[in-house]
Amino acid sequence: MMHKFLIHGKEDNVGVAVQDIKAGEDVVGIFLDTDTEITVKANQDIQLGHKIALNMIKTDDFVVEYAEIIGKATKSISRGDWVHIHNIKSARW
């Protein structure tokens, strides 16, 4: 099965779409650090370059990508949700 998203490391709680993903689609991602796969059902359409949640992220939890905190959840995010500016805010400011 073709990988539709990449996860940079085991600490990450989001993956990055390398192809457009459709709502309801079971998509396979790969952890770049271990070469292991994960399958997630997408809850919304997710465009190339956008993020998909790998697990539940509660309000005010950190969003982690590249083993770095990239933001904080502004509301609860379910596994398979599109993660973008509508549900996270930057942790830099």
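Refer to the preceding data block for the structure.
Residues numbered from 1 in each chain as written. Predicted model: local features only at pLDDT ≥ 70, side-chain atom pairs only at ≥ 80, totals over all residues. Heavy atoms only, no water.

For the rest of this paragraph, the subject is the nonpolar core. The biggest cluster of nonpolar side chains holds twelve residues, and these are Phe5, Ile7, Ala17, Ile21, Val27, Phe31, Ile38, Val40, Ala42, Ile46, Ile52 and Leu54. Contributing elements (two or more residues each) for this core: β1 (3-7), β3 (26-31) and β4 (37-41). Non-local contacts of leucine 54, meaning those with residues more than four positions away in its chain, are made with Phe5, Ile7, Asp12, Asn13, Val14, Gly15, Val40 and Arg79. Of all hydrophobic cores here, the second largest spans eight residues; its members include Ala53, Ile57, Val63 and Ile77. (Core = buried A, V, L, I, M, F, W, Y, C linked by side-chain atoms within 4.5 Å. Buried < 20%, exposed > 50% of the residue type's maximum accessible area, 1.4 Å probe, protein only. Helix = DSSP H or I, 4+ residues; strand = E, 2+ residues; numbered from the N terminus. Contact = heavy atoms within 4.5 Å.)

Spatial ordering of the open sheet is given by β4-β3-β1-β2-β5-β8, a layout of six strands whose pairing is mixed. Looking at the sheet topology across the chains shown, the edges are occupied by β4 and β8 (82-83). The pairing of β3 with β4 spans five bridges and is classified as antiparallel. Bridging across to β4, isoleucine 30 finds its partner in glutamate 37. (Pairing = 2+ DSSP bridges.)

Attention now goes to the sheet that holds strand β7 (residues 68-73). The antiparallel open sheet is built from three strands, whose spatial order is β6-β7-β9. If you trace the sheet from one side to the other, it starts and ends with β6 (62-65) and β9 (88-90), each paired once. In this sheet, adjacent strand axes meet at a mean angle of 45° when their direction is disregarded. Where β6 lies against β7, four bridges are found, and the strand directions are antiparallel. Residue pairing across strands places valine 63 opposite glycine 71, the latter belonging to β7. (Axes fitted to C-alpha atoms, helices over the stretch in contact; angles between N-to-C directions.)

In short, the description is geometric, and any link to function would need to be established separately.
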